[in-house]
Amino acid sequence: MVSAWEDSGEQVFVVRNEHRQHSLWPDFAQTPTGWVRVFGPATAEDCRAYVARQPPGRDYRTSSNS
């Protein structure tokens, strides 16, 4: 299986959810529910560059400060 994070020559898209979180998504796969394609198809390198230029999304990771 091809990883969207590797530069394998496969075309990928950048998808974004309502929280402005971005992910690289392979061209051959259906866009997941709740996400929209916002860039591509392009190389993984070009898609990562696009994401780097975007304002940060909201971080919903929890803190483990217990």
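Right above here is the structure, for reference.
Owing to the predicted nature of the structure, the values given are computational and were not obtained by experimental measurement.

## Considerations on the sheet that holds strand E1 (residues 12–17)
Spatial strand order, E2-E1-E3: three strands in an open sheet with antiparallel pairing. The open sheet is flanked by strand E2 (22–26) and strand E3 (35–42), the only strands paired with a single partner. Taking each pair of neighbouring strands and ignoring which way they run, the sheet shows an average axis angle of 30 degrees. Note: E1 against E2, five bridges, orientation antiparallel.

## Digging into the nonpolar core
Residues Val-12, Val-14, Leu-24, Ala-42, Ala-44, Cys-47 and Tyr-50 constitute the largest nonpolar core, which totals seven residues. When residues of this core are traced back to their parent elements, those giving at least two are E1 and helix H1 (44–52). Ranked by the residues each element gives to this core, the list is headed by H1, at three residues.

About the thresholds
- Residues numbered from 1 in each chain as written.
- Predicted model: local features only at pLDDT ≥ 70, side-chain atom pairs only at ≥ 80, totals over all residues.
- Heavy atoms only, no water.
- Pairing = 2+ DSSP bridges.
- Helix = DSSP H or I, 4+ residues; strand = E, 2+ residues; numbered from the N terminus.
- Axes fitted to C-alpha atoms, helices over the stretch in contact; angles between N-to-C directions.
- Core = buried A, V, L, I, M, F, W, Y, C linked by side-chain atoms within 4.5 Å.
- Buried < 20%, exposed > 50% of the residue type's maximum accessible area, 1.4 Å probe, protein only.

Any link to function would need more than the numbers given here.
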